[in-house]
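The chain contents come next:
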Amino acid sequence: MRRFRDTDEVDYCIVGVGSAGGVLLQRLSRAGFQVVGIEAGPFWDTERDWVSDEKGSHQLYWTDLRITGGEHPLSLGENNSGKGVGGGSVHWAAFAPRFHPSDFRVYTEDGVGADWPISYDDLKPYYELLEREIPIAGPAYFPWGDPHGYPYGPHPMGGVGNSLIRGCTKLGIRVSAGGPVAILSGSRGDRPHCIYRGFCIQGCKVGAKASTLITHVPNALESGGEVRDCSMASRIELGPDRRVKGVHYFDREGREHFQKAKAVIVSGYAIETPRLLLNSACPGFSAGLANSSGTLGRYLMAQAGNVILGRFDHLVRLYKAPPAHAMTEEFYETDPKRGFARGFAIQTVGPLPIAFAKQMMVAKGAWGWGMRRVMMDYNHWSSIAVLGEILPWADNRVELASETDQFGIPVAKVTFNLHDNDKKLIEFGKNKVMEVMWAAGAEDVVQEDRYAHLVGASRMGSDPETSVVDRFGRTHDIANLFVCDGSVLPTQGSANPGLTIQALAARTADYLISQGDRIFNSNSRDMTQPPIRYNLSPPGTFWKGMPRMT
Amino acid sequence: MNGASTGRKSLPIDPNTHEPLPPVRQPGYYPGYSTLAQQTFWDAKTRSVILHRVNHTPPIRFFDSEQAALMKAVCDRIIPQDDRDPAYRIPIVNYIDERLHEDKIDGFRYENMPADRDVYRLGLQAIDMLAQDRGGLRFVNLDARRQDEVLKSIHDGNAPAAQEIWNHMSIQRFWKGLVSDCASAYYSHPWAWDEIGFGGPAYPRGYMRLEGGEPEPWEVDEVRYEWQTPPDSLSDVYEPAGGDSEQKGHPGQGGTH
Ligand SMILES: Cc1cc2nc3c(=O)[nH]c(=O)nc-3n(C[C@H](O)[C@H](O)[C@H](O)COP(=O)(O)OP(=O)(O)OC[C@H]3O[C@@H](n4cnc5c(N)ncnc54)[C@H](O)[C@@H]3O)c2cc1C
Ligand code: SF4
């Protein structure tokens, strides 16, 4: 791997090599830019570092301190963020649905939330591209949103998918079986197919599940990009000309460095991105860098992720097969009859024993002999989850806490409150999934409140007064400072965000490439949509090896 | 001394004979099933991590000896193991101690909770205060029934005798943190996997039989038996943890989808 020196002024310094950061690093390096990715966690050697074990996989998550509060405080850590090259794509379950066209104009259609500054059609070619690049396995025909099919064939059903499909079919609800999921159903290149071991959330040691660590970072390095791992960015430096000069960071020994760069892209995800920008406050930006709007850190979203657990008389053995393998988006869109805006999806999940015990603690109040007894029935339970759209609210936000981390950097404080629409949606969604579970033949059905995914807190918009970045991810305030990750999403739909985050990254990369050196030496803002570049996919991925569809 | 830790009482009962079921090496419905017996099929790194877990119980370093004894008595009720042959009981306190000694957290702290180390220090004080209130004894000296009463009062969110501690931290969050930590230690052990019929590490071999709960050739069929909870126990009823609703909100913590 090429190593730049701190004193080299690279073209782009990307903070965070996760879902978005990995794609950006690959695209920009391949296009010939000098790019370094500063990543707080390690560069994984999957065979040496990862284990096929629930407890032993704790290191994949962002477990450094954060403070959580509000009326409905979010669990953080393993519930939502990764640390290490690949970021959240290392431990995601890899459900990879697109957003629906309606997601991009929620305010116009429903009078709530926000509109995106781009439309579904702007992103569609990137969905199509990434679905082939990653690639995604799923049904040949996916009927919701903008109907489409998937390049790799669907996966066989596990016990959980079986109950989802059985329950939904009884109730006349259409389902998608065997995907869409970023897991190989047939081998491709040097990546083997899935072996159905069920440890996706613990990191796929097999290499069947996509993470940018294996899909994009290798080609980034081949193309001359650098990943500087175990390096924690602490502050972005602003020059007197209101352009950023580079990134301060701590290396693995805790030594401080400054990486000079012509432009900086922050890809640290919905908590660490606002934290870094808030910690980069400086004269002229006393409330946080690029925060003239006061919206930095605000409009943080999590999706409702209630897990509904049903006990069956027969054995299910929910630990087999990828947790993500069947779903329905039948309730995704607003239905005025339901009395709330927007909707939810229903998806399979596959808790391993520790996660399942914690669910039983919450859902059934299990402890003592009751815990031992219900756990002895682990193999009789199935688990299906709500994935519900919670709207963006200004009071759901990331701020700085008084506590600091091991480097002395103030940590994030996250405040989260459910609002009326959210509560109604959750109530309806969880009852619907319980109905599905009963219809599937369960004899006992319980549920756990929970939240999944984080997005927002550095949202994109056309109006600099009410958003942090423009539709290409450029901060409204600073011409050579970008944000590109889950934090730019104005709303979140009820699709898992990973594919959309990567599609946005590929689109931002096309914009940066089309702008060339102008990003580095001009403050002018060209808002022309860039042409999509098909020749920047990692070799052997674009339109290659496709069993179906062209 | 305390019945729970010696295994004198508090054994599950055979409903047919009404006799206590003698402790066994492997409770559960999968007789003869052993994940460890499959270790040749595991990758080297996983094997070393799991065997280390089984063969090297970490020493107690965070708790002092009195706290450790109290923790042992508490964990013996939160995940009781009286039905297990003493040589096959799974260490729990040592893993909680290890986590606190290394100050490993889950990545967050509720704004109205102290740091995890203080949560345990305070929580143990509260447990002894409740024990004194209920039986005039330290928790370790209460019988199993009284111990369960103390713990159930925390589970129910109704333990006013330790109110001065709950003023500093939420009773529900303390309870859920404690039960989570105990369950995480127990269900990360291969003997617990054998008990519940979980497949354990599965790389590089994987699975072939995904549907219908059918066992792989190396897994075994379920053989159920009836057992009643020990008569001196209060923990075999399923009631959501109680308390005032504002503090109840405790979203799930493990990752899902
Ligand atoms: C258990 C679980 C299951 C999930 N399942 C799904 C799923 O099925 N489908 C789906 O679409 N999504 C899923 N997600 C969500 C998905 O993982 C995230 O939405 C996605 O990875 C976010 O991408 P990102 O690029 O915004 O950030 P990330 O992928 O989180 O990348 C951010 C990176 O930045 C690094 N970083 C942050 N701050 C700094 C700093 N100051 N200095 C240096 N580096 C820094 C981090 O270490 C991290 O590697 C799941 C998440 C979890 C926790
Ligand atoms: S189930 Fe498939 S994708 Fe998931 S970890 Fe196992 S091999 Fe990887």
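The structure displayed is predicted, hence computed values, not measured ones.

Draft legend 1. Summary view of the overall build of chain A. Per the secondary structure count, chain A includes 14 helices and 18 strands. Computed over its C-alpha atoms, the radius of gyration of chain A comes to 22 Å, within 12% of the 24 Å expected for a compact globule of 550 residues. A burial count over chain A gives 70% of its 550 residues as buried. Of the contacts made within chain A by residues no fewer than 6 positions apart, 73% connect residues no fewer than 24 positions apart. When the accessible surface of chain A is totalled, it reaches about 15,600 Å², and 50% of it is carbon and sulfur. When the 58 basic and 60 acidic side-chain charges of chain A are each reduced to a single mean position, those positions are 3 Å apart.

Draft legend 2. Region of interest: the site of ligand 1. All names here are of chain A. Taken together, 41 residues surround ligand 1, and among them E39, G88, F95, G486 and G498 come closest. A distance of 2.6 Å separates an oxygen atom of ligand 1 from a polar side-chain atom of E39. Contact between ligand 1 and G498: an oxygen atom at 2.6 Å from a main-chain N or O atom of the residue. If ligand 1 stood free it would expose 1,000 Å²; the protein chains cover 99% of that surface. Broken down by secondary-structure element, the contributors of at least two residues to the shell around ligand 1 are helix 1 (19-30), helix 3 (88-91), strand 6 (232-238), helix 9 (269-279) and helix 13 (498-515). When residues of the shell around ligand 1 are assigned to their parent elements, the largest contribution, three residues, is made by helix 3. A per-class count over the shell around ligand 1 returns 15 nonpolar, 21 polar and five charged.

Draft legend 3. Up close: the pairing of strand 16 (residues 444-448) of chain A. All names here are of chain A. Burial analysis of strand 16 places four of its five residues in the buried class, which makes it a mostly covered element. The sheet contact formed by strand 10 (residues 307-311) and strand 16 spans five bridges and is antiparallel. Among the inter-strand pairings, G310 is bridged to a residue of strand 16, identified as V445.

Draft legend 4. Focus on the interface of chain A and chain B. At the junction of the two partners, chain A supplies 88 residues and chain B supplies 88 residues. Of the roughly 7,200 Å² buried where chain A meets chain B, counting both sides, 58% is carbon and sulfur surface. Among the residues of chain A in contact with chain B, W367(A), W369(A) and M376(A) are the three that bury the most area, contributing 15% of the side total. D83(B) is the partner of R372(A) in a salt bridge, and the nearest nitrogen-oxygen pair spans 2.8 Å. Across the chain A-chain B interface, the total number found is 45 residue pairs in polar contact (both at pLDDT 80 or more).

Draft legend 5. Molecular detail of the packing of aromatic side chains. Scanning all chains against the criterion turns up 33 aromatic pairs over all chains. Each ring, one from W367(A) and one from W175(B), has its centre 5.3 Å from the other, and the planes form 85°; the classification is edge-to-face. With one member in each of two chains, W367(A) in the loop between helix 10 (353-363) and helix 11 (368-376) and W175(B) in helix 8 (residues 171-186) form a pair that bridges those chains. One exposure class covers both W367(A) and W175(B), and it is buried. Arranged with centres 6.2 Å apart and planes meeting at 70°, the rings of F63(B) and Y120(B) form a pair that is edge-to-face. Taken together, the residues span a long stretch of sequence, with F63(B) in the loop between helix 2 (44-55) and helix 3 (65-78) and Y120(B) in helix 5 (residues 116-135) at a distance of 57 residues. Each member of the pair, F63(B) together with Y120(B), is buried. Among the aromatic residues, those joined into a ring-pair cluster are F199(A), Y319(A), F356(A), Y378(A), W381(A), W193(B), F198(B) and Y207(B). The side chain of K83(A) reaches across the aromatic face of W62(A), ending 4.8 Å from its centre.

Draft legend 6. Broad picture of the environment of S382(A). Residue and element names in this part refer to chain A. Note that S382 resides in strand 13 (residues 381-388). A residue is classified by how much of its surface remains accessible, and S382, at 0% relative accessible area, is buried. For the pair formed by S382 and L296, sequence separation is 86 residues and the distance between their alpha carbons is 40 Å. The residues contacting S382, other than those within four sequence positions of it, are G159, V160, S163, I308, L309, G310, F312, V316, L318 and M437. Side-chain polar atoms of S382 contact the side chain of S163, separated by 2.6 Å.

Draft legend 7. Structural context of the sheet that holds strand 1 (residues 109-110) of chain B. Pairing in this open sheet of four strands is mixed, and the strands run 14(A)-15(A)-3(A)-1(B) from one edge to the other. Strands with a single pairing partner mark the edges of an open sheet, and in this sheet they are strand 14 (397-404) of chain A together with strand 1 of chain B. As paired elements, strand 3 (residues 67-69) of chain A and strand 15 (residues 410-415) of chain A share three bridges and run parallel to each other. Looking across to strand 15 of chain A, one finds that G69(A) is bridged to T415(A). Along the sheet, helix 9 of chain A makes contact with strand 14 and strand 15 of chain A, crossing strand 14 of chain A at roughly 65°.

Draft legend 8. Layout of the nonpolar core. Judged by nonpolar contacts, the single largest core of 233 residues is most densely connected at M371(A), W166(B) and Y187(B). Per element, the largest residue contribution to this core is ten residues, and it comes from helix 13 of chain A. Excluding anything up to four places from it in sequence, Y187(B) contacts P353(A), I354(A), A357(A), M371(A), R372(A), M375(A), I79(B), A192(B), W193(B), E195(B) and I196(B). Judged by nonpolar contacts, the second largest core, of seven residues, contains L315(A), M376(A), Y29(B) and W227(B).

Cut-offs applied
- Residues numbered from 1 in each chain as written.
- Chains lettered and ligands numbered in written order.
- Predicted model: local features only at pLDDT ≥ 70, side-chain atom pairs only at ≥ 80, totals over all residues.
- Heavy atoms only, no water.
- Helix = DSSP H or I, 4+ residues; strand = E, 2+ residues; numbered from the N terminus.
- Rg over C-alpha atoms; globule rule 2.2 N^0.38 Å.
- Buried < 20%, exposed > 50% of the residue type's maximum accessible area, 1.4 Å probe, protein only.
- Contact = heavy atoms within 4.5 Å.
- Areas by Shrake-Rupley, 256 points an atom, 1.4 Å probe, with all protein chains shown as cover.
- Lys, Arg positive; Asp, Glu negative; His and termini not counted.
- Charge placed at Lys NZ, Arg CZ, Asp CG, Glu CD.
- Near = heavy atom within 4 Å.
- Polar contact = N/O pair within 3.5 Å; in protein donor to acceptor, adjacent residues only side chain to side chain.
- Nonpolar A, V, L, I, M, F, W, Y, C, P; charged D, E, K, R; others polar.
- Pairing = 2+ DSSP bridges.
- Buried area = accessible area lost by both parts, 1.4 Å probe.
- Salt bridge = Lys/Arg side-chain N within 4 Å of Asp/Glu carboxyl O.
- Phe/Tyr/Trp six-rings, centres within 6.5 Å; stacked < 30°, edge-to-face > 60°.
- Lys NZ or Arg CZ within 6 Å of the ring centre and 35° of its normal.
- Axes fitted to C-alpha atoms, helices over the stretch in contact; angles between N-to-C directions.
- Core = buried A, V, L, I, M, F, W, Y, C linked by side-chain atoms within 4.5 Å.

Don't take any of this as a statement about function, it's just geometry.
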